[in-house]
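# Breakdown of the fold
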Amino acid sequence: MIDQEEIHRKCNSCDPQERKIAVGQLCNSFGLLLDNNQAWDDLHKLTLDRNSFVREKAAGALKTALQYSPSKKQTWEDLHRLISDQNNYVRREAVEALRTVFQYAPDKKRAWKDVIRLTIDKNSYVRREAAGTLKIALQSMSNIKQIWPDLRGLFLNKDYYMRLEAIEALRTIFQHVPDKKQAWEDLIRLTADEEKTVRRDVAVVMKIALQYAPDKQKAWEDLHRLTLDRNADVKKGVAVVVKTAFQYIPDKQQIWEDLHRLTLDENDDVRKDAVRSLETAFQYMSDKQKAWEDLHRLTLDKNSDVRSRAVWILGTSFQYLPDKKQAWQVVSKLYLIAHLGQKPVI
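Note that the structure is a prediction, hence the values are computed from the model and not measured. (Residues numbered from 1 in each chain as written. Predicted model: local features only at pLDDT ≥ 70, side-chain atom pairs only at ≥ 80, totals over all residues. Heavy atoms only, no water.)

This next bit is on the overall build of the chain. Helix and strand counts for the chain stand at 19 helices and zero strands. A compact globule built from 346 residues should have a C-alpha radius of gyration of about 20 Å, whereas the chain, at 28 Å, is more than 25% larger. For the chain, the C-alpha atoms occupy an extent of roughly 85 × 50 × 30 Å along the three principal directions. A total of 346 residues make up the chain; the buried ones form 46% of that total. Relative to all contacts within the chain whose residues are 6 or more apart in sequence, the contacts with residues 24 or more apart total 61%. For the chain, the exposed area adds up to about 17,600 Å²; of that, 49% sits on carbon and sulfur atoms. For the chain, the separation between the mean place of its 58 positive charges and that of its 50 negative charges on side chains is 2 Å. (Helix = DSSP H or I, 4+ residues; strand = E, 2+ residues; numbered from the N terminus. Rg over C-alpha atoms; globule rule 2.2 N^0.38 Å. Buried < 20%, exposed > 50% of the residue type's maximum accessible area, 1.4 Å probe, protein only. Contact = heavy atoms within 4.5 Å. Areas by Shrake-Rupley, 256 points an atom, 1.4 Å probe, with all protein chains shown as cover. Lys, Arg positive; Asp, Glu negative; His and termini not counted. Charge placed at Lys NZ, Arg CZ, Asp CG, Glu CD.)

Structure (structure tokens):
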């Protein structure tokens, strides 16, 4: 049986170690204690404790104990205060708690502002906990127009991890963004980000964003320019988007020419992603002979990953190939190379 009186005694102990233990016992016992109000009064006092380690433990307790709170308003006030605590560890634990219980916030606008404020916290660990809260918080926000300026501001954050999380958050809400033209331009700018991982994730979002771009021809002109970029990571990202672009962009010949150029790129990773897009290209291209010639060439690429992907697409796109007999001969030769060690006849 749980001794609530003993827990209460520890909560008021002069020994901070006992008070820390009391927090853990309270957290594990909510719902089982006879006097729930007393338990919450004790936890409330511990969120105000003079010892930062106790406050840190109390902040962590809120994420699991909130559902038992007799006064949700008071509990949220405690969490709001802990988010502004002077101690880095307390703030980090508090924002982690906020991420867990955000959907239950009585004032989500205020909770959102707390998250945004923490994204510029002086402590990098606190900032990253706040960044990890963005996507979850967005799912609970009904007025995207109201919070869009905050999210846009994060695209300029000096912490690349923050930019990454903001981009990922944008992926989940792009269709609800009030100014999609502006959002698209933000993505184009981020394709030139100094961080490789940011550029990579932007490409993923662009695949989704393209269908919502108000001016798809203009969107493709932006992408076309990026296919000519000197940076391999940028071109790699665009090669992924091309797969989606075929169904939305009217000038498929231009898309094909860009894709064709990417399949000839000197960078192995660019060619890998370009060959993936060939699978989609086949069904939209009127001149399938050209697509077949590119695919045939890629089955003989110097890079084994490129060759493997090209062979895979031979199978998935077989119904679109103009010369199935020749395609079958190519597959047969590749089988001999892979299993019998024979050299190809080029």
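We are not done yet, so read on.
Under the 1.5 Å per step criterion, the end-to-end length of helix α10 (residues 160-173) is 20 Å for 14 residues, consistent within 8% with the ideal 20 Å. In this structure, the buried side of α10 is in contact with α8 (124-138), α9 (144-154), α11 (180-190) and α12 (196-209). Put simply, Asp159 is the residue that caps the front of α10, since its side-chain oxygen is 2.9 Å from the backbone nitrogen of Tyr161. (Expected span 1.5 Å × (residues − 1). Polar contact = N/O pair within 3.5 Å; in protein donor to acceptor, adjacent residues only side chain to side chain.)

What follows deals with empty space enclosed by the protein. For the structure shown, the criterion picks out one cavity of 30 Å³ or more. Taken together, Thr191, Arg199, Ala203, Met206, Leu226, Asp233, Val234, Gly237, Val238 and Val241 make up the full set of residues lining the largest cavity. Residue assignment for the lining of the largest cavity shows that the elements contributing at least two residues are α12 and α14 (232-245). The dominant element in the lining of the largest cavity, judged by the number of residues it contributes, is α14, at five residues. (1 Å grid on protein atoms, 1.4 Å probe; cavity = no way out; pocket = protein on both sides within 12 Å on 5 of 7 lines; lining within 4 Å. Points joined across faces, edges and corners; volume = space filled by probe spheres on them.)

Going through the model one piece at a time under the given rule, you end up with 32 salt bridges. Among the ionic pairs, Asp49 bridges to Arg19, the shortest N-O distance being 2.6 Å. Of this pair, Asp49 sits in the loop between α3 (36-47) and α4 (52-65) while Arg19 sits in helix α2 (residues 16-29), and the two are 30 residues apart along the sequence. Per residue, the accessibility class of Asp49 equals that of Arg19, and both read buried. One salt bridge in this structure joins Asp273 and Lys236, with 3.1 Å as the shortest N-O distance. With Asp273 in helix α16 (residues 268-284) and Lys236 in helix α14, this residue pair connects regions lying 37 residues apart in the sequence. One salt-bridge network, in which partners are shared between bridges, spans Glu6, Arg9 and Glu18. (Salt bridge = Lys/Arg side-chain N within 4 Å of Asp/Glu carboxyl O.)

What follows deals with a negative patch on the surface. Together, Asp3, Glu5, Asp35 and Asp41 make up a negatively charged patch on the protein surface. Residue class for Asp35 comes out partly exposed when judged on its relative accessible area of 36%. (Patch = residues over 30% accessible without salt bridge, like charges linked within 9 Å, V, L, I, M, F, W, Y side chains within 5 Å.)

Residues Leu43 and Trp184 are the most contacted members of the largest nonpolar core, which totals 101 residues. Among the elements that line this core, the one with the most residues is α10, at seven residues. (Core = buried A, V, L, I, M, F, W, Y, C linked by side-chain atoms within 4.5 Å.)

Right, let's talk about the packing of aromatic side chains for a bit. Summed over all chains, the structure comprises two aromatic pairs. Judged by centre distance (6.3 Å) and plane angle (70°), the ring pair of Trp148 and Phe155 falls under edge-to-face. Taken individually, Trp148 and Phe155 each receive the classification buried, so the pair is uniform in this respect. Here Phe174 and Tyr212 contribute two aromatic rings whose centre-to-centre distance is 6.4 Å and whose plane-to-plane angle is 35°, an arrangement assigned as tilted. One end of the pair, Phe174, is in the loop between α10 and α11; the other, Tyr212, is in the loop between α12 and α13 (216-227), with 38 residues separating them in the sequence. On the basis of relative accessibility, which here comes to 2%, the residue Phe174 falls in the buried class. Judged by relative accessible area, which is 28%, Tyr212 ranks as partly exposed. (Phe/Tyr/Trp six-rings, centres within 6.5 Å; stacked < 30°, edge-to-face > 60°.)

Attention now goes to the environment of Gln4. Among the secondary structure elements, Gln4 is positioned in helix α1 (residues 4-11). With relative accessibility at 14%, the residue Gln4 sits in the buried group. Sequence-distant contacts of Gln4, defined by excluding residues within four places in its chain, comprise Leu33, Leu34, Asp35, Gln38 and Ala39.

For the rest of this paragraph, the subject is the side chain of Thr133. Note on placement: Thr133 falls in helix α8. Residues in contact with Thr133, not counting those within four places in the same chain, are Val95, Arg99 and Val115.

Before going further, it helps to spend a moment on the confidence of the model for the chain. The pLDDT averaged across the chain works out to 84; a share of 95% of its residues lies at or above 70. In the model, residues 341-346 has pLDDT below 50 throughout and makes eight contacts with residues more than four positions away in sequence or in other chains. (pLDDT = per-residue confidence, 0-100.)

Looking now at the side chain of Thr263. Inspection of the secondary structure puts Thr263 in helix α15 (residues 252-263). Judged by its relative accessible area of 0%, Thr263 is buried. A polar atom in the side chain of Thr263 sits 3.0 Å from the side chain of Arg297. Excluding residues within four positions of it along the chain, Thr263 makes contact with Arg271, Ala274, Leu278, Asp294, Arg297 and Leu298.

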